[in-house]
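# Examination of the molecular architecture
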Amino acid sequence: MIDLTSKIDAQIGAINLGRAIQFVANASVLGYDVRGAMVFYGEPGTPSLRKWDCERLWAQGALLQS
């Protein structure tokens, strides 16, 4: 993700999966370019979540408060 104000690559460390999905789904409103963002989770080899996956999950309300 790139912070559009500072033009710096913003890397986020390990956080709760729900928070990561929420952040990516709403990041463009916060001034981030998330076209290339991926959320990695689970065991190695688990498919990552892309921007559109996060937006879809967040819009569906599929996440419970964690």
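See above for the structure.
Residues numbered from 1 in each chain as written. Predicted model: local features only at pLDDT ≥ 70, side-chain atom pairs only at ≥ 80, totals over all residues. Heavy atoms only, no water.

For the rest of this paragraph, the subject is the overall build of the protein. If you tally the helices and strands in the protein, you get two helices and five strands. Mapped from its N terminus to its C terminus, the protein presents α and β elements in the order β-β-α-β-β-β-α. The burial tally for the protein puts 23% of its 66 residues in the buried class. The contacts of the protein with a sequence gap of at least 6 include a subset with a gap of at least 24, amounting to 44%. (Helix = DSSP H or I, 4+ residues; strand = E, 2+ residues; numbered from the N terminus. Buried < 20%, exposed > 50% of the residue type's maximum accessible area, 1.4 Å probe, protein only. Contact = heavy atoms within 4.5 Å.)

Attention shifts here to the packing of aromatic side chains. For the structure shown, the criterion picks out one aromatic pair. On the numbers, 5.4 Å between centres and 65 degrees between planes, the contact of Phe23 with Tyr32 is edge-to-face. (Phe/Tyr/Trp six-rings, centres within 6.5 Å; stacked < 30°, edge-to-face > 60°.)

The next thing to look at is the pattern of salt bridges. In the structure shown here, the tally under the stated rule is three salt bridges. Of the charged contacts in the structure, one is a salt bridge between Arg35 and Asp33, with a shortest N-O distance of 2.4 Å. Of the residues examined, Arg35 reaches a relative accessible area of 63% and is grouped as exposed. (Salt bridge = Lys/Arg side-chain N within 4 Å of Asp/Glu carboxyl O.)

Here we come to helix 1 (residues 17-26). Within helix 1, burial applies to Gly18, Ala20, Ile21, Val24 and Ala25. For helix 1, the angular spread of the buried residues around the axis is 160 degrees, confining them to a single face. Here the buried face of helix 1 lies against strand 4 (38-39), strand 5 (49-50) and helix 2 (51-60). The distance from a side-chain oxygen at the start of helix 1 to the backbone nitrogen of Gly18 is 2.7 Å, and the residue carrying that oxygen is Asn16. (Arc of directions from axis to C-beta. Polar contact = N/O pair within 3.5 Å; in protein donor to acceptor, adjacent residues only side chain to side chain.)

As for its placement among the helices and strands, Asp33 is situated in strand 3 (residues 32-33). We classify Asp33 as buried; its relative accessible area is 18%. A distance of 2.4 Å separates polar atoms of two side chains, one belonging to Asp33 and the other to Arg35.

A separate point is the nonpolar core. For soluble globular proteins, the rule of thumb is that nonpolar side chains tend to be buried together. One finds Ala20, Ile21, Val24, Ala25, Ala27, Val34, Ala37, Val39, Leu49, Cys54 and Leu57 forming the largest nonpolar core, which totals eleven residues. Elements with a minimum of two residues in this core: helix 1 and helix 2. Looking at this core element by element, the count peaks at four residues for helix 1. (Core = buried A, V, L, I, M, F, W, Y, C linked by side-chain atoms within 4.5 Å.)

Along an α-helix, residues three or four apart share an orientation, since each turn contains 3.6 residues. Every buried residue belonging to helix 2 is among Asp53, Cys54 and Leu57, and all of these are buried. Projected down its long axis, helix 2 carries its buried residues within an arc of 95 degrees, all on one side. Turned more than 90 degrees away from the buried face of helix 2, the exposed residues are Trp52 and Ala59. Where helix 2 is buried, its residues touch helix 1, strand 4 and strand 5. A positive backbone phi angle near 70 degrees is found at Gly61, which sits one or two residues after helix 2.

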